[in-house]
Amino acid sequence: MKKLDNKNKTYLNYSTEDGKSTQDILKDKITLKQKSVCGHCETENNEGLYCKSCGKSLDEVETSKKGKIIKAFKGDIKPILLTSVTSVAILFLISLGLKLLMSFNLGELINFINPLHIILGINLGTINLNASTMMNSGSVSIHLGVLLIGLIPLFALLLSNVIFIKNKNAQDILYNSVGVGATYGLMLVIISIFSSTSSSISQMINYGLAVSYRYNILELFLNGFILGFISTYLIGYKKKYFGQNIYLDILKKAINTILILYVAIFVILLGISIVDNSYLYELGLYNYSRNTTFILSQLASYILAFANIVPTTIGSNKLSILSIINGDLLFDTKLMLISIIFLSLLVLILTGYNLRKKFKNSSSNIVLIFSICYSIIITILSSFSVIYVGGNMPLLQMNSYLGNIFMGSGIFTTLIISFIYSYIILKIGYTLSDFE
């Protein structure tokens, strides 16, 4: 006969005093957290004495508040490092192939470019170029925010995430996303430091030519963080995690909403271009019309910002509500732009309506949180899609040259206007659900 305490004695599976099951006595004596985390495999368990995954006992579950916090933020740094390093390694191999292709067009200038520069370039970093000879000097700032190029590092990060990152709950997604973003961004900064160099050519007419270039370190870190965070988050988030972290759920919804809008705008532009692409001439982009995939993928991001009432500059044209009303654009082009604005209104109203249904039991300000996520993503997309080449470089026949396709609205302007716009429209949709 074994004793469990001073009052209850047991014989086999039952107490000799009150006949209560030994298992029930053990349950009374062990207090489990609402979501107990197994100390062996870190699986969450809602009830029971043993882990549903590995079968280990849960009777040593931490109950203190401090223990819960430590447990919640416990993570493994190894997969994060492996994901970032592998992504850079994949990009290095890709950059070797790109350098070979570039050598056929750039000639001797390819000697100034190494694979590390290409890695930074496909991560959409801004390069500041200075050149001088015994006769002249100049500088150029270049930001080639070609979205199709940005897909290359995103692909490398997604592939590495599939291999190394394993998520068991919403907390893991947040930890891994921030970890990969910060690590990948730091790696780009380190690469940029070693890539900021000076070179010179002393042959024939280029005698005494000196070239130096450096990158915007803060921008590269932010680019790397955003690419790393988004790739890890998109791969790791699953429907079964819904409700574990309301902020991650709303972020997922905001990403989906913007993706729907972007794809819809791209399809509209593609359909119109097949019938008549003269609107590209009005926007100053007709020279790019042969490369439909490139120009429409860029234009869709610019029009997306415009659809959120953000003034947007494309070449020498500035699109805004006032320019649509009083501008020189043809009626068909104005009709297309107005239709896209109404499309964004409809999507946001339906999104607000859907938010009310999904988060009806939440005490948080859902519309405010969504608008913040939405405006930040719109601003990031606008910043990434900037194509800008400007400066003074007589050596390359670039005297006060400015690129003729670029996003002209500032980051702060985009953030504020898109936030106010999305909040108002979402609130309308959110309120409409109360009338059911």
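Procedures and definitions
- Residues numbered from 1 in each chain as written.
- Predicted model: local features only at pLDDT ≥ 70, side-chain atom pairs only at ≥ 80, totals over all residues.
- Heavy atoms only, no water.
- Helix = DSSP H or I, 4+ residues; strand = E, 2+ residues; numbered from the N terminus.
- Buried < 20%, exposed > 50% of the residue type's maximum accessible area, 1.4 Å probe, protein only.
- Polar contact = N/O pair within 3.5 Å; in protein donor to acceptor, adjacent residues only side chain to side chain.
- Phe/Tyr/Trp six-rings, centres within 6.5 Å; stacked < 30°, edge-to-face > 60°.
- Lys NZ or Arg CZ within 6 Å of the ring centre and 35° of its normal.
- Axes fitted to C-alpha atoms, helices over the stretch in contact; angles between N-to-C directions.
- Parallel < 35°, antiparallel > 145°, perpendicular 65-115°, else oblique.
- Left-handed = near helix turned anticlockwise from the far one by under 90°.
- Contact = heavy atoms within 4.5 Å.
- Core = buried A, V, L, I, M, F, W, Y, C linked by side-chain atoms within 4.5 Å.

Enquirer: Looking at this structure, I do not really get the side chain of Thr351. What am I missing?
Expert: Examined against the element boundaries, Thr351 turns out to sit in helix α12 (residues 331-358). You can call Thr351 buried: its relative accessible area is 6%. Polar contacts involving the side chain of Thr351 include one to the main-chain carbonyl oxygen of Val347, which spans 2.7 Å.

Enquirer: I would appreciate a short explanation of the packing of aromatic side chains in the present structure.
Expert: Within a pair of aromatic rings, the relevant descriptors are the distance that separates the centres and the angle that separates the planes. Taken as a whole and judged by the stated rule, the model has seven aromatic pairs. Seen in terms of ring centroids, Phe229 and Tyr233 are 6.2 Å apart; in terms of plane orientation they differ by 10°. Their pairing is stacked. In this pair, Phe229 and Tyr233 are both assigned in helix α7 (residues 217-236), four residues apart and thus about one turn of the helix distant. Residue Phe229 is classed as buried on the basis of its relative accessible area, which comes to 15%. Residue Tyr233 is classed as buried on the basis of its relative accessible area of 0%. Ring centres of Tyr233 and Tyr237 lie 5.6 Å apart, and the angle between their planes is 45°; this geometry places the pair in the tilted category. With a relative accessible area of 13%, Tyr237 lands in the buried category. Joined through ring pairs, the aromatic side chains of Phe221, Phe225, Phe229, Tyr233 and Tyr237 make up one cluster. Directly above the ring of Phe242 sits Lys358, whose terminal nitrogen or CZ lies 5.6 Å from the centroid.

Enquirer: It is not clear to me how the packing of helix α8 (residues 246-275) against α12 should be interpreted in this structure. Could you clarify?
Expert: Relative placement of two packed helices is described by the angle separating their axes and the distance separating the axes. Following both chains from N to C, one finds α8 and α12 inclined at 155°, their axes separated by 11 Å at the closest point. In terms of orientation, α8 and α12 fall into the roughly antiparallel class. Note on packing geometry: the crossing formed by α8 with α12 is right-handed. For the pair formed by α8 and α12, the contact residues are Lys253, Thr257, Leu261, Ala264, Ile265, Ile268, Leu269 and Ile272 on the first element and Met336, Ile340, Leu343, Ser344, Val347, Leu348, Thr351, Asn354 and Leu355 on the second.

Enquirer: Would you mind going over the nonpolar core with me for this structure?
Expert: The nonpolar side chains of a soluble globular protein tend to be buried with one another. Core analysis: the biggest nonpolar cluster contains 85 residues, and Tyr233, Leu269, Tyr279, Leu299, Ile303, Leu319 and Leu337 have the highest contact counts within it. Per element, the largest residue contribution to this core is 11 residues, and it comes from α8. Residues in contact with Ile303, not counting those within four places in the same chain, are Ile265, Leu269, Leu319, Leu337 and Ile340.

Enquirer: How do you make sense of the side chain of Thr83 when you look at a structure like this?
Expert: Inspection of the secondary structure puts Thr83 in helix α3 (residues 77-106). Residue class for Thr83 comes out buried when judged on its relative accessible area of 0%. Discounting residues that sit within four places of it in the chain, Thr83 has contacts with Leu157, Ser160, Asn161, Phe164, Ile165 and Val180.

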